[in-house]
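A look at the structure
Each chain, written out:
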Amino acid sequence: MNIASKSTFALSRRHLLGIEALTAEEIIGLLDLAEEFVELNRQIEKKRTSLRGRTQINLFFENSTRTQSSFELAGKRLGADVMNMSVSSSSMNKGETLIDTAITLNAMHPDIIVVRHQHSGAVELLSRKVDCSVINAGDGAHEHPTQALLDALTIRRNKGRLDRLTVAICGDVLHSRVARSNIILLNRMGARVRVVGPSTLLPPAVDRLGVEVFHDMRAGLADADIVMMLRLQRERMNGSFIPSTQEYFAYFGLDSKKLAFAKPGALVMHPGPMNRGVEISSDVADGAQSLIREQVEMGVAVRMAVLEALSRNLPNA
Ligand code: NCD
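What this report covers is the structure whose coordinates are included nearby. (Residues numbered from 1 in each chain as written. Predicted model: local features only at pLDDT ≥ 70, side-chain atom pairs only at ≥ 80, totals over all residues. Heavy atoms only, no water.)

1. Here's the deal with the site of the ligand
Near the ligand the following residues occur: Arg66, Thr67, Arg116, His144, Gln147, Arg177, Val178, Arg231, Gln233, Pro271 and Gly272. At 3.1 Å, a side-chain N or O of Arg116 approaches an oxygen atom of the ligand. At 2.7 Å from an oxygen atom of the ligand is found a side-chain nitrogen or oxygen belonging to Arg231. In isolation the ligand offers 310 Å² of accessible surface; the protein chains occlude 95% of this area. When atom positions are compared with the pocket grids, the ligand is found to occupy the largest pocket. Of all elements in the fold, only helix H2 (66-77) and helix H6 (177-188) reach the threshold of two or more residues within the shell around the ligand. (Near = heavy atom within 4 Å. Polar contact = N/O pair within 3.5 Å; in protein donor to acceptor, adjacent residues only side chain to side chain. Areas by Shrake-Rupley, 256 points an atom, 1.4 Å probe, with all protein chains shown as cover. 1 Å grid on protein atoms, 1.4 Å probe; cavity = no way out; pocket = protein on both sides within 12 Å on 5 of 7 lines; lining within 4 Å. Sits in = over half its atoms within 2 Å of the grid points. Helix = DSSP H or I, 4+ residues; strand = E, 2+ residues; numbered from the N terminus.)

2. Points about the layout of surface pockets
Within this model, the largest pocket holds a volume of roughly 440 Å³. Lining the largest pocket are 20 residues, with Arg116, Arg177, Arg231, Gly272 and Pro273 positioned closest to its centre. Only H2 and H6 provide two or more residues apiece to the lining of the largest pocket. When grouped by side-chain class, the residues that make up the lining of the largest pocket number four nonpolar, nine polar and seven charged. (Points joined across faces, edges and corners; volume = space filled by probe spheres on them. Nonpolar A, V, L, I, M, F, W, Y, C, P; charged D, E, K, R; others polar.)

3. Notes on the packing of aromatic side chains
Inspection of the entire model under this criterion finds one aromatic pair. Above the ring of Phe249, the side-chain terminus of Lys258 is found at 5.5 Å from the ring centroid. (Phe/Tyr/Trp six-rings, centres within 6.5 Å; stacked < 30°, edge-to-face > 60°. Lys NZ or Arg CZ within 6 Å of the ring centre and 35° of its normal.)

4. Looking at the packing of helix H5 (residues 145-159) against H6
The geometry of H5 relative to H6 is characterised by a closest axis approach of 8 Å and an angle of 55° between their N-to-C directions. By the angle between their axes, H5 is oblique relative to H6. In terms of crossing hand, the pair formed by H5 and H6 is right-handed. Contact with H5, carried on its side by Pro145, Gln147, Ala148, Leu149, Asp151, Ala152 and Ile155, involves Val178, Ser181, Asn182, Leu185 and Leu186 of H6 and no other residues of that element. Looking at the contact of H5 with H6 residue by residue, the classes come out as eight nonpolar, three polar and one charged. (Axes fitted to C-alpha atoms, helices over the stretch in contact; angles between N-to-C directions. Parallel < 35°, antiparallel > 145°, perpendicular 65-115°, else oblique. Left-handed = near helix turned anticlockwise from the far one by under 90°. Contact = heavy atoms within 4.5 Å.)

5. Observations concerning the nonpolar core
Among the nonpolar cores identified, the biggest contains 66 residues, and Leu149, Ile169 and Leu185 are the most heavily contacted of them. When neighbours within four sequence positions are excluded, Ile169 is seen to be in contact with Ala179, Asn182, Ile183, Val193, Arg194, Val195, Val196, Met228 and Leu230. (Core = buried A, V, L, I, M, F, W, Y, C linked by side-chain atoms within 4.5 Å. Buried < 20%, exposed > 50% of the residue type's maximum accessible area, 1.4 Å probe, protein only.)

6. Notes on the pairing of strand E6 (residues 192-196)
Most of E6 sits out of view: four of its five residues are buried. By the bridge criterion, five bridges tie strand E5 (residues 166-170) to E6 in an arrangement that is parallel. Within E6, the position partnered with Thr166 by the bridge is Arg192. Crossover handedness for the path E5 to H6 to E6: right-handed. One ladder, built from three bridges, connects E6 with strand E7 (residues 212-214); its direction is parallel. In the sheet register, Arg194 faces E7, and the bridge partner there is Glu212. (Pairing = 2+ DSSP bridges. Right-handed = clockwise from strand over helix to strand, strands pointing away.)

7. Brief notes about the sheet that holds E6
Taken in spatial order, the five strands line up as E7-E6-E5-E8-E9 in an open sheet, and their pairing is parallel. Since the sheet does not close on itself, it has two edges, and those belong to E7 and strand E9 (267-269), each with one partner. For this sheet the average axis-to-axis angle between neighbouring strands, irrespective of direction, equals 20°. Summarising the sheet, E5 and strand E8 (residues 226-229) pair through four bridges and their orientation is parallel. If you follow Ile169 over to E8, its bridge partner there is Met228.

8. Description of helix H1 (residues 24-41)
For H1, with 18 residues, the first-to-last C-alpha span of 25 Å sits near the 26 Å given by 1.5 Å per residue. Of all 18 residues that make up H1, 13 are buried, and the element is covered over most of its length. (Expected span 1.5 Å × (residues − 1).)

9. Brief notes about the side chain of Glu36
Mapped onto the fold, Glu36 is located in helix H1. No salt bridge is formed by the buried Glu36. Its closest oppositely charged neighbour is Arg48, at 4.4 Å. (Lys, Arg positive; Asp, Glu negative; His and termini not counted. Salt bridge = Lys/Arg side-chain N within 4 Å of Asp/Glu carboxyl O.)

10. Description of the sheet that holds strand E1 (residues 55-60)
Across the sheet, which stays open at both edges, the four strands sit in the order E2-E1-E3-E4 with parallel pairing between neighbours. Single-partner strands in this sheet number two, and they are strand E2 (81-86) and strand E4 (133-139). When the angles between neighbouring strand axes are averaged without regard to direction, this sheet yields 15°. By the bridge criterion, six bridges tie E1 to E2 in an arrangement that is parallel. Paired with Leu59 across the bridge in E2 is Met85. Set on the sheet, helix H11 (residues 292-311) makes contact with E1, strand E3 (112-117) and E4; between it and E4 the angle comes to about 150°.

These values are about where atoms sit, not about what they do.
Take a look at the structure:
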C-alpha cells in the first residue's frame, strides 16, 4: 500500500540547520506531515518512493546510535539510497579538514547530507561548501533541530497542544543542544519553558533565552506538565561541574519522589542515551508517565517529514 501523502507541505529553504530559522507555521507543517509517517511506520508495508533516486549521506563526526539509525531508516523508508559515514573510518583522522571532506562528498552528487559534529557552527560551515541540502543532526552545544521536533510531536500527541504547557527542562542545560533547540521551539509555539539545574550546569544569562530559571527541583517542577530530563554530558565537561554523581542524583536526579512535585500525571521525557541512577531513576524512566520510548518512535517519523519536506524543494523535485 503506497498511500500518497495528504500534506503537500514543503520547506522553502535548502537546509535545516536549526529551529532558530523556522517559523511557527513551518514547525506545524513538519509536525502535521510527521503524523502521516507515524501511521505509515505502524504498517507492515512502510515504503514510500518520494526519495527514489536520491542519495542521502549520514556524516557523523560524533558517536550516535539512535539519531543515526533513525535518519537511516527514515531515508530508506522514503526510497533514498543511504550511505553512513562515521569519522572513525574517514580520512579526518589522516588530517583532512572538514571543508575538504565536504568538497569531496559534494563531488559525488549527494542530494542530502545529514551531519553531526562536535563543534557548534560546523554544520553551517559545511552547508556553505556543498550544493545539496544539509540537515543538522547536532552540532556541539548549539542545535539539534530534529530532536526538538520529535519532542514537540511527542508532546502534541499526548497533550493535544504545545501552547500554554509548562515544560521543565532539567539538568545539564549548559552542554545541551537538545535543550537549546527545545527552548527555541517551545517558546515559539507558546509554551512556558523553565530550566532547572545547578548554576554550574546552566549557561550564563540563560534567562535571555526566554526561560524561567530554577536551582531546585521542588520549585522548578511545581505545576509542570512535562519534565524533560537531560543527560549529564560528561564527555563535554573539562573540569568539575558536579561534586559526585551520587550527590547530583540526590539533588537533581528524577525519581518518583521528585516527580510528585510536578502536576499529577506529568509526562517524563529524555532524549537518550540515559544515565540511569544519575539523572533519572529506572522506575521513572520505565514507568507509566514516561514517554521515552515514544520519543524514539516519533524520531523516525519526524526525520521522514524533514527529508520529505526538504526534498520537495530540491532541484528536479
Ligand atoms: C542527544 C545528543 O546527541 O545531543 N542525543 C540524541 O540525539 N539522542 C542528547 C545527548 O547526547 O545527551
